[in-house]
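Commentary on secondary and tertiary structure
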Amino acid sequence: MAVRPYWKGYLKLSLVTCAVTLSPATTDGEKVRFHTLNRKTGDRINTQYVDAVSGRAVDSDHQVKAYAKGEDENVILEDDELDAVKLDSIRTIDVNEFVEADTVEWVYYDSPYFVVPADEVGEEAFTVIREAMTKNNVVGISRLVLGNRERAVMLQPWDKGIILWTLRFGDEVRNEDEYWKSVTDDKPDAKMLGMVGKIIEDRTTPWSESMVKDPVQGKLLEIIKSKQSKKKPTAKKTSDGDAPDAPSNVIDLMAALKRSLAGRPAAKKSGR
């Protein structure tokens, strides 16, 4: 079921403009959520900003943004100073740059939104922009204010619509070279490589949403249901009633691969 649009505004490319809406492409609405209560009274607990020295609550009129210059030294920024560096328009996705579709690294991707025309009048302009990006194999780069925060965004043609991805800023993405430098460049043993390839081939199946099903959700609901019926959940035991042994970190790789292949099922028939 389609949900209410999260954002309404305009998609603009040069002189071509159309009204569009944004709706989150993902949801956590089905997740089990918890409240924090006072165990003694059962009342909800509210959070509030308090002065770190006096411990007293600070009302919104006296809360200001500040940059920590030193240990006990802060530079206060007023609202008008913060407003001066914001986008001129918070209701227009003005696309001024395009890049090849496969050049934006996945690590920059943040949250996806569905972009669709807001009315029939703008459908033609929307379709032209989407199809032109598809034909040229590019994605659009722009900026947008979402949730009171200015974000870099990427517009990607997708089926009949466009997916808008909020992007992480450059200073939010760590340099992978710092982590890969400790990994050896040596080529793996050819025999081992072939064995691993066979294991992967045997375990390759079509993608299914069940692969990313959250098992914790079901267990939490079981616990909640059991508490509602005044029943205590029983701990799940292993077949012999004892906790399983922790796996050892020291292994013989070749031996492990041979055992994996020895127990692999017969090759699957495929239409590939």
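In this convention, every chain numbers its residues from 1, walking through the sequence in written order. Residues qualify for local features only when their pLDDT is at least 70, as the model is predicted, and side-chain atom pairs are given and counted only at 80 or more; totals for whole chains, interfaces and linings, by contrast, use all residues. Hydrogens are left out, water is left out, and the side-chain values use all remaining heavy atoms of the structure.

Distance thresholds for patches are 9 Å for like charges and 5 Å for nonpolar side chains (Val, Leu, Ile, Met, Phe, Trp, Tyr), applied to residues having over 30% relative accessible area and no salt bridge. Methods summary: accessible areas were calculated by the Shrake-Rupley approach with a probe of 1.4 Å, and residue burial reflects only the protein chains presented. By definition, a salt bridge exists where a carboxyl oxygen of Asp or Glu is found within 4 Å of a side-chain nitrogen of Lys or Arg. A cluster of nonpolar residues, Phe34, Leu221 and Ile224, forms a patch on the protein surface that exposes about 310 Å² of accessible area. Secondary structure counts use DSSP, requiring at least four H or I residues in a row for a helix and at least two E residues in a row for a strand, with both numbered from the N terminus. Note that Phe34 resides in the loop between strand S2 (16-24) and strand S3 (65-70).

The length a helix should cover is 1.5 Å for every residue beyond the first. The end-to-end C-alpha separation of helix H4 (residues 190-202) is 19 Å, in line with the 18 Å expected for 13 residues at 1.5 Å each. Residues of H4 that are buried make contact with helix H6 (253-262). Note on definitions: a residue-residue contact is assigned when non-hydrogen atoms from the two residues lie within 4.5 Å.

Let's shift gears to empty space enclosed by the protein. Think of a 1 Å grid over just the protein atoms. A cavity is a set of points where a 1.4 Å probe fits yet cannot get out, a pocket is an open set with protein on both sides within 12 Å along at least five of seven lines, and lining residues have an atom within 4 Å of a point. Grid points are joined across faces, edges and corners, and a volume is the space filled by probe spheres set on the points. Evaluation of the coordinates by the stated rule reveals one cavity of 30 Å³ or more. A volume near 40 Å³ is recorded for the largest cavity. For the largest cavity, the full set of lining residues is Leu11, Leu13, Val95, Phe98, Ile129, Met133, Gly140, Leu155 and Ile162. Mapped onto the lining of the largest cavity, the elements with two or more residues apiece are strand S1 (7-13) and helix H2 (123-136). All amino acids are sorted into three groups, where Ala, Val, Leu, Ile, Met, Phe, Trp, Tyr, Cys and Pro are nonpolar, Asp, Glu, Lys and Arg are charged, and the leftover types, Gly among them, are polar. Of the residues that constitute the lining of the largest cavity, the class distribution is eight nonpolar, one polar and no charged.

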